[in-house]
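Spelled out from the first residue to the last, the chains are:
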Amino acid sequence: MTTTSATAKFVLSGCSPSSSPSTSTAPNRLLPFTNLNFKCRAFHSDHRFNRLLNFHAGYYKSPAFLCTRTATHSPSFTAAALATEASAKIIDGKSIAKDVRDEVAAEVSRMKEAIGVVPGLAVILVGDRKDSATYVRNKKKACESVGINSFEVRLPEDSPEEEVLKHIRSFNDDPAVHGILVQLPLPSHMNEKKVLDAVCIEKDVDGFHPLNIGRLAMRDREPLFVPCTPKGCLELLHRQGIAIKGKRAVVIGRSNIVGTPAAQLLQREDATVTVVHSRTTNPEEFTREADIIIAAVGKPNMVRGSWIKPGAVVIDVGINPVEDAKSSRGYRLVGDVCYEEASKIASAITPVPGGVGPMTIAMLLSNTLVSAKRIHNFK
Ligand SMILES: Nc1nc2c(c(=O)[nH]1)N[C@@H](CN(C=O)c1ccc(C(=O)N[C@@H](CCC(=O)O)C(=O)O)cc1)CN2
């Protein structure tokens, strides 16, 4: 535990309540922090503390919390969330994704040697969004790195929907292709549902087909594929040895591709799951009860340190570009969680970048391998 000698009045934070591209370049802000009397590492009932930090009594057991004597030699201590170092374990998604890729590569080569089959992934990209083009390029590179064949179709932004459907049908029938994905988002004139429905479920390595999603939601039913990002979140928890069974989990966001399947996966592993979303009033009341938080809402720095129960595990799915003149790209990526604050409260946390993002592509490779094995009945 770190201690400070003076009474802390401020906590440094770069996470303004409404971080947005236009505000994000502001220097770190000093947020007012009042002297808070409570006994370090002991139960307290200081309502002032609870009110100011919105924490519940008993939560400050975390080593992340600092205890300082007040300047007035008060018998009580001052809680100062002025930690100078992150105390949470940083969950290194980049390194775990590499482990997954190495495992996939070994299996791909075992399969090739045994039955002469090489898994194949087909990717359809419509339009010229820069971020989508980067993800597709990275997927192709990742395939190469593990020995998976990749097939790519790039279509102009104004392509008719039928053109996309035609390519999907052709990949559905191609025996060299074991996985098909359409990079999202699609241009607004396209009907996303119709396009995703066209991918045959045996090759739906994104897990976005309603049949796969439906099976995921049902007890005693198994989806053929689970969407890559939520699957990556769970994989991070598993590989870090973080228990899920019996834990309280809060998922922030209810999208079809992350929030909803993440909640279902946690529930399938016997967590008690709450989903909070844009219409939830006081979401922090729910997150403060959570042992595990998965934030997938797409709002930079929305989850503040005070939203988190000390010792909780925080998985940050957000990848939000915020303006940054110091970066060569002119922007930097931040998560949905104020990392600076959360890393002082949580017991483990994923960074952005380098957390969940790399796992998305690693899980895609894994799903493609699983698909090829299933189609060829290779154990
Ligand atoms: N068909 C799909 N479309 C989209 C998916 C998807 O799973 N299937 N997910 C996202 C985009 N995405 C993959 O497609 C994706 C996003 C982010 C990353 C990633 O590795 N991010 C890095 C940062 C990258 C950077 O520096 O720009 C990180 O977080 O470390 C990989 C894949 C939406 N569309």
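Here the structure is a predicted model, which is why all the values come from computation and not from measurement.

Q: What's the story with the overall build of the protein in this structure? I'm lost.
A: For the protein, the count of helices and strands is 11 helices and 16 strands. By the burial criterion, 50% of the 379 residues in the protein qualify as buried. Long-range contacts, defined here as pairs at least 24 residues apart, represent 67% of the contacts in the protein between residues at least 6 apart. Total accessible area on the protein is roughly 18100 Å²; 53% of this is exposed by carbon and sulfur atoms.

Q: Sorry if this is basic, but what is going on with the sheet that holds strand S10 (residues 248–252) here?
A: To summarise the sheet geometry, strands pair through backbone hydrogen bonds and adopt either a parallel or an antiparallel arrangement. Read across the sheet, 6 strands follow the order S6-S16-S13-S12-S10-S11 without closing on themselves; strand pairing throughout is parallel. Pairing within the sheet leaves two strands with one partner each, and these edge strands are strand S6 (89–90) and strand S11 (272–276). Bridge count for S10 against strand S12 (residues 292–295) is 4 bridges, and the pairing is parallel. For Val250, the partnering residue across the bridge sits in S12 and is Ile293.

Q: In this structure, what is going on with the UniProt feature "domain: Tetrahydrofolate dehydrogenase/cyclohydrolase NAD(P)-binding" (unreviewed entry) in the protein? I would like to understand it.
A: Per the UniProt record, "domain: Tetrahydrofolate dehydrogenase/cyclohydrolase NAD(P)-binding" (unreviewed entry) is found at residues 227–374. End C-alpha atoms of residues 227–374 are separated by 17 Å, and the span's content is 34% helix alongside 19% strand.

Q: Just to check I follow, could you spell out the UniProt feature "domain: Tetrahydrofolate dehydrogenase/cyclohydrolase catalytic" (unreviewed entry) in the protein for this structure?
A: Under the UniProt annotation, "domain: Tetrahydrofolate dehydrogenase/cyclohydrolase catalytic" (unreviewed entry) lies at residues 91–206. For the annotated span residues 91–206, helix accounts for 51% and strand for 16% of the residues, and the straight-line distance between the end C-alpha atoms is 24 Å.

Q: Explain the state of the cysteines here, please?
A: Every disulfide links exactly two cysteines, by a covalent bond between their sulfur atoms. Inspection of the entire model under this criterion finds 1 disulfide. Paired by a disulfide, Cys15 and Cys338 hold their sulfur atoms 2.0 Å apart. An S-S torsion of about 85 degrees defines the bridge between Cys15 and Cys338 as right-handed. Linking Cys15 in the loop between strand S1 (10–13) and strand S2 (29–32) with Cys338 in the loop between strand S15 (331–334) and helix H10 (339–342), this pair joins segments that are 323 residues apart in sequence. Exposure class is identical for Cys15 and Cys338. Each is buried. A disulfide-free cysteine, Cys143 has its sulfur positioned 11 Å from the sulfur of Cys228, the nearest such atom. Since its relative accessible area comes to 0%, Cys143 is described here as buried.

Q: Hey, could you run me through the site of the ligand in this one?
A: In the vicinity of the ligand lie 17 residues, with Lys139, Val182, Leu184, Asp206 and Gly354 positioned nearest. Here an oxygen atom of the ligand sits 3.4 Å away from a polar atom, N or O, in the main chain of Pro358. When the free accessible area of the ligand is taken as 690 Å², the share hidden by the protein chains comes to 82%. Elements that contribute at least two residues to the shell around the ligand include exactly helix H3 (130–146), strand S9 (179–182) and helix H11 (356–375). No other element matches H11, which puts 4 residues into the shell around the ligand. Looking at side-chain class alone, the shell around the ligand contains 10 nonpolar, 4 polar and 3 charged residues.

Q: I'm lost on the environment of Leu196 in this one. Help?
A: For Leu196, the position within the fold is in helix H5 (residues 192–198). The exposure class assigned to Leu196 is buried, which follows from its relative accessible area of 12%. Between the C-alpha atoms of Leu196 and Arg268, which are 72 residues apart in sequence, the distance is 24 Å. In this structure Leu196 touches Leu184, Phe208 and His209, once residues within four positions along its chain are discounted.

Q: Could you clarify how one ought to interpret the packing of aromatic side chains in this entry?
A: Ring pairs (aromatic) are described by centroid distance and by the angle formed between their planes. Within this structure, the stated rule accounts for 0 aromatic pairs. Positioned above the aromatic ring of Phe225, the side-chain terminus of Arg374 is 4.9 Å from the ring centre.

Q: I would appreciate a short explanation of the sheet that holds S9 in the present structure.
A: If you walk across this open sheet you meet the 3 strands as S8-S7-S9, and the pairing is parallel. Of all strands in the sheet, those bounded by a partner on one side alone are strand S8 (149–155) and S9. When the angles between neighbouring strand axes are averaged without regard to direction, this sheet yields 15 degrees. Against the sheet, H3 touches strand S7 (120–126), S8 and S9, its axis set at about 160 degrees to S8.

Q: Looking at this structure, how should I read the pattern of salt bridges?
A: Going through the model one piece at a time under the given rule, you end up with 15 salt bridges. Glu103 is the salt-bridge partner of Arg239, the closest N and O atoms lying 2.8 Å from each other. Placement of Arg239 in helix H7 (residues 228–239) and of Glu103 in helix H2 (residues 93–115) is noted, with a sequence separation of 136 residues between them. Overall, Glu103 belongs to the partly exposed group, its relative accessible area being 41%. As a salt-bridge pair, Asp131 and Arg129 come within 2.7 Å of each other at their nearest N and O atoms. Note on Asp131: relative accessible area 29%, which makes it partly exposed.

Q: What is the right way to read H11 from this model?
A: Side chains three or four residues apart in an α-helix point the same way, a direct result of the helix having 3.6 residues per turn. With 20 residues, H11 should cover 28 Å at 1.5 Å per step; its first-to-last C-alpha distance of 28 Å lies within 8% of that length. Most of H11 sits out of view: 14 of its 20 residues are buried. Asn377 sits one or two residues past H11 and shows a positive phi near 50 degrees.

Q: What's the story with the pairing of S8 in this structure? I'm lost.
A: On a regular strand, one side chain projects to one face of the sheet and the next to the other, so that they alternate. Pairing analysis gives 7 bridges linking S7 to S8, with the strands arranged parallel. When the sheet's bridge partners are listed, Leu125 is paired in S8 with Arg154. Between S7 and its parallel partner S8, the chain crosses via H3, and the hand of that crossover is right-handed.

Reading the values: rules and limits
Residues numbered from 1 in each chain as written. Predicted model: local features only at pLDDT ≥ 70, side-chain atom pairs only at ≥ 80, totals over all residues. Heavy atoms only, no water. Helix = DSSP H or I, 4+ residues; strand = E, 2+ residues; numbered from the N terminus. Buried < 20%, exposed > 50% of the residue type's maximum accessible area, 1.4 Å probe, protein only. Contact = heavy atoms within 4.5 Å. Areas by Shrake-Rupley, 256 points an atom, 1.4 Å probe, with all protein chains shown as cover. Pairing = 2+ DSSP bridges. UniProt positions renumbered as here; feature names shortened; annotations may be inferred. Disulfide = S-S within 2.5 Å. Near = heavy atom within 4 Å. Polar contact = N/O pair within 3.5 Å; in protein donor to acceptor, adjacent residues only side chain to side chain. Nonpolar A, V, L, I, M, F, W, Y, C, P; charged D, E, K, R; others polar. Phe/Tyr/Trp six-rings, centres within 6.5 Å; stacked < 30°, edge-to-face > 60°. Lys NZ or Arg CZ within 6 Å of the ring centre and 35° of its normal. Axes fitted to C-alpha atoms, helices over the stretch in contact; angles between N-to-C directions. Salt bridge = Lys/Arg side-chain N within 4 Å of Asp/Glu carboxyl O. Expected span 1.5 Å × (residues − 1). Right-handed = clockwise from strand over helix to strand, strands pointing away.

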